[in-house]
2 protein chains.
Amino acid sequence: MASFEVSILGASGGPLDGGNQGVLISTPGNPLNKKYICVDAGSGLRQIASMIVSQNGNVSMGEGCRSDPIESFYERLEEPLHSFVDSRSEIVRGLGPDAMLESNETVMNGALRIFSNMNEYYITHPHLDHIAALVINSPACLATEKVLWGLRTTTEALRKHVFNDILWPNLFAQNKMSLELHTLDDYQSHKVKSIPNWIITPLRVSHGTTVETQLPCLSTIYLIQDKITNNAVAICGDLESDVISRKRWLANAWKHFSATVPLERLKCILIECSCSNATRDEHLYGHLSPNYLIHELKQLSRAYGKPLDGLQVIIMHVKMSVGMRDPRLVILQEIRELAAAQELGDVRFSIALQGYTFVL
Amino acid sequence: MASFEVSILGASGGPLDGGNQGVLISTPGNPLNKKYICVDAGSGLRQIASMIVSQNGNVSMGEGCRSDPIESFYERLEEPLHSFVDSRSEIVRGLGPDAMLESNETVMNGALRIFSNMNEYYITHPHLDHIAALVINSPACLATEKVLWGLRTTTEALRKHVFNDILWPNLFAQNKMSLELHTLDDYQSHKVKSIPNWIITPLRVSHGTTVETQLPCLSTIYLIQDKITNNAVAICGDLESDVISRKRWLANAWKHFSATVPLERLKCILIECSCSNATRDEHLYGHLSPNYLIHELKQLSRAYGKPLDGLQVIIMHVKMSVGMRDPRLVILQEIRELAAAQELGDVRFSIALQGYTFVL
């Protein structure tokens, strides 16, 4: 039985606006009182509404969506879904079968209902493409309690530079809203309040350096573990390889994975790969390219002491560059070729597609 | 001959993310070296790409797009375009006929080409739904010079709270990018560098008060005047009525309009109307409802000393609330009924529709 549904609200790494990184995660089943958490919020309520439309307009399960046309702005205006997704991955259009509209419910009301069942945001870092939707959606939080979680650098940035009555109304003042901001500690596991079976652990990683002062720019990997099944999924914020950062933060994360989750229970890693291998190191700006992604997965394999057979790796945050071929397809091909050459094991690589749900 | 093309990159007032207020403005003709300016940037490069797709996929001019299906999340999933747009307004799908793809050009490259011909942003206020796209698009500014213009409160917020190496890399440091930030003075007209016929004047308006300290929250109307034809168009940021603010800022703006632009040369006002008349004053939060919009247009009519015959008023920034009927249609109906009752003159009211260009 599946343990996680991972709905891709957005996966773009820019410079296109809209459709930026945001992931809704839930457990399959229990449609009447289904709860969700959100990791990052570059996309939000609008995409929930769009996903309700796409699945209600044309319900499609299992194999049914493999030929769906995926929007592309390159050599063709559409590419088939199967060009982006490993043939063994289970993927469904929209939010999945538990998110159907109730009778006489409008799409907007259905989207607000699902949104009100998402009570916890876990933010990887405060760059605008990872938080814009939670800010713009925040007036819709009136009806339900929501908590924003993050490492201190993230929560401080949200308090000081976003909900500061300049960029956005200070919704924490005067208890205007049921919105709270709480800080997590690095490597301290934390109980997900709305989904009691889950614990979530933030692992600090490097996302390059600031431009002006060359200080470290921090980001987070969230490791979500189901205490009942022991299954786990990892959702990564933007990050760079230890080779570039000259820190051991990713090595430590992989060590933590191998110490706390048996490989066969690690259902999936959602990880960025913003740039193709044509990108020079000095233009990575705190991101991964396929060479560095495969290097880091090799480190993960070493931490486990075996090949990563059966692991799903879903690629997020591809940057849309110039060129004839869709960069997502370029990067996926580079990754698959390198993985085969490096004997990484039978890893299933897919691209995170906005509007679809991976069932893990 | 038309003087302005006003392309709606986004018009939503939230709480849906994506499709937020952003308007691209240009002069008709001159497709080879067409220049644009952007007023607000809640939507940007992605919508330019989508508009290229929509107009290249199915070119439609004049009457041709009146039956286009417009996405709605309420009683129907689509409403016809003519339900939103005055029958006498000239509207075209996409960016207009001058924005066709060149041969062998991908949509992404075409979007970046048009983006590179937009060299000036004029921002009404720094709320995130009006600036998110310019931030997320900024890595695509590498190739071309762009200037961000705004009143001091806007440019200070962008420098201190956005491009601060916390919410976003400080792209102004070390001359990393060809991106500059410059301050405009209230009521001082300013020459648009990239479109030499145009002058633009920022007029300060009130957008409610801050939550914590109850200080005024400022916004801007941009009045764009063509020096050759004397035609003008006004693009408003979020704003509230003088009745609510108890200031005379809108009265002053209307006085400036009537003193500098003959009514028959004022081609259009794009103005917000976020909330329906069902909204209580204390829940307007610095926005207009139809009652207050019509009150202010009546003040404009008084400033001109005559009815506003022939004026186009395009409604921006409608908030998507719960309910069965699309709030844009509710608000448009309320506005038209009030305008008729108040003898405002023969004003043409339309809703700003994302993905379409008004030819004025």
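Just so we're clear, the structure is a prediction, and the values are computed from it rather than from any experiment. (Residues numbered from 1 in each chain as written. Chains lettered and ligands numbered in written order. Predicted model: local features only at pLDDT ≥ 70, side-chain atom pairs only at ≥ 80, totals over all residues. Heavy atoms only, no water.)

1. Comments concerning the relation of the copies chain A and chain B
Definition in use: The fit set for superposing copies consists of C-alpha atoms from residues with pLDDT of at least 70 in both; the fit itself is least squares. Throughout, a contact is declared for two residues whenever any of their heavy atoms are within 4.5 Å.
Each copy superposes on the other: chain A lies on chain B with an RMSD of 0.0 Å after a rotation of 180 degrees and an axial shift of 0.0 Å. Here the symmetry operator amounts to a two-fold rotation axis. Mapped onto chain B, 100% of the interface residues of chain A again fall at the interface, so both copies present the same surface.

2. Looking at the interface of chain A and chain B
Note the cut-off: Using a 1.4 Å probe, buried area is obtained as the accessible area two parts lose upon being combined, added over both of them. When a carboxyl oxygen of Asp or Glu lies within 4 Å of a side-chain nitrogen of Lys or Arg, that pair is called a salt bridge. In DSSP terms, a helix is any run of H or I states spanning at least four residues, a strand is any run of E spanning at least two, and both are numbered starting from the N terminus. By the convention adopted, Pro, Cys, Tyr, Trp, Phe, Met, Ile, Leu, Val and Ala count as nonpolar, Lys, Arg, Asp and Glu as charged, and the other residues, Gly among them, as polar.
On the chain B side, the residues contacting the 62 residues of chain A number 62 residues. Taken together, both faces of the contact between chain A and chain B bury some 5,200 Å²; the carbon and sulfur share is 66%. Along the contact surface separating chain A from chain B lie zero salt bridges. When residues of the side of chain A that touches chain B are traced back to their parent elements, those giving at least two are helix H1 (45–57), helix H2 (107–116), helix H3 (132–137) and helix H4 (152–162) of chain A. Of the residues in the side of chain A that touches chain B, the class split is 32 nonpolar, 21 polar and nine charged.

3. Overview of the confidence of the model for chain A
Just so we agree on the cut-off: For every residue, the pLDDT score states the predictor's confidence, bounded by 0 at the bottom and 100 at the top.
For chain A, per-residue confidence averages 94 on the pLDDT scale, and residues scoring 70 or more make up 98% of the total. Here the prediction assigns the complex a pTM of 0.97, and the interface score ipTM is 0.96.

4. Regarding the nonpolar core
Stated formally: What we call a nonpolar core is a set of buried Ala, Val, Leu, Ile, Met, Phe, Trp, Tyr and Cys residues that are connected through their side-chain atoms within 4.5 Å. Each residue is placed in one exposure class: buried if its accessible area under a 1.4 Å probe, protein chains only, is under 20% of its type's maximum, exposed if it is over 50%, and partly exposed if it falls in between.
By size, the foremost hydrophobic cluster in this structure holds 244 residues, and its most contacted members are A:Phe163, A:Ile221, A:Phe257, B:Phe163, B:Ile221 and B:Phe257. The contact partners of A:Phe163, leaving out residues within four places of it in the chain, are A:Leu134, A:Val135, A:Ser138, A:Leu148, A:Leu158, A:Trp168, A:Pro169, A:Asn170, A:Leu171, A:Phe172 and A:Leu179.

5. With respect to unusual backbone geometry
With an omega of -5 degrees, the peptide bond running from A:Gly14 to A:Pro15 counts as cis. Considering the arrangement of structural elements, one finds A:Pro15 in the loop between strand E1 (5–10) and strand E2 (22–26). Positioned with a positive phi, A:Gln214 is a non-glycine residue whose angle comes to about 55 degrees. Structurally, the position occupied by A:Gln214 is in the loop between strand E11 (198–209) and strand E12 (216–226). On the accessibility criterion, A:Gln214 (49% relative accessible area) is partly exposed. Its identity is not glycine, yet B:Asp165 carries a phi of approximately 65 degrees, on the positive side. By the secondary structure assignment, B:Asp165 is in the loop between helix H4 (152–162) and strand E9 (179–183).

6. Quick word on the sheet that holds strand E15 (residues 312–316) of chain A
Residue and element names in this part refer to chain A. Note the cut-off: Strand pairing is defined by DSSP finding a minimum of two bridges between the two strands.
If you trace the seven strands from one edge of the open sheet to the other, you get E10-E11-E12-E13-E14-E15-E16, paired in mixed fashion. What marks the edges here is a single partner per strand, and that holds for strand E10 (190–191) and strand E16 (348–351). Note: strand E13 (residues 232–236) against strand E14 (residues 266–272), four bridges, orientation parallel. Among the inter-strand pairings, Ile-235 is bridged to a residue of E14, identified as Leu-270.

7. Regarding helix H7 (residues 290–304) of chain A
Residues and elements named next belong to chain A. Counted only if it meets this: In this analysis, the expected span of each helix is defined as 1.5 Å times one less than the number of residues it contains.
For H7, spanning 15 residues, the distance from its first C-alpha to its last is 21 Å, which sits close to the expected 21 Å at 1.5 Å a residue. Listed in full, the buried residues belonging to H7 are Pro-290, Tyr-292, Leu-293, Ile-294, Glu-296, Leu-297, Lys-298, Leu-300, Ser-301 and Tyr-304. Buried residues belonging to H7 abut helix H5 (242–245), helix H6 (249–260), E14, E15, helix H8 (327–341) and E16. Trailing H7 by a residue or two, Gly-305 shows a phi angle of about 75 degrees, which is positive.

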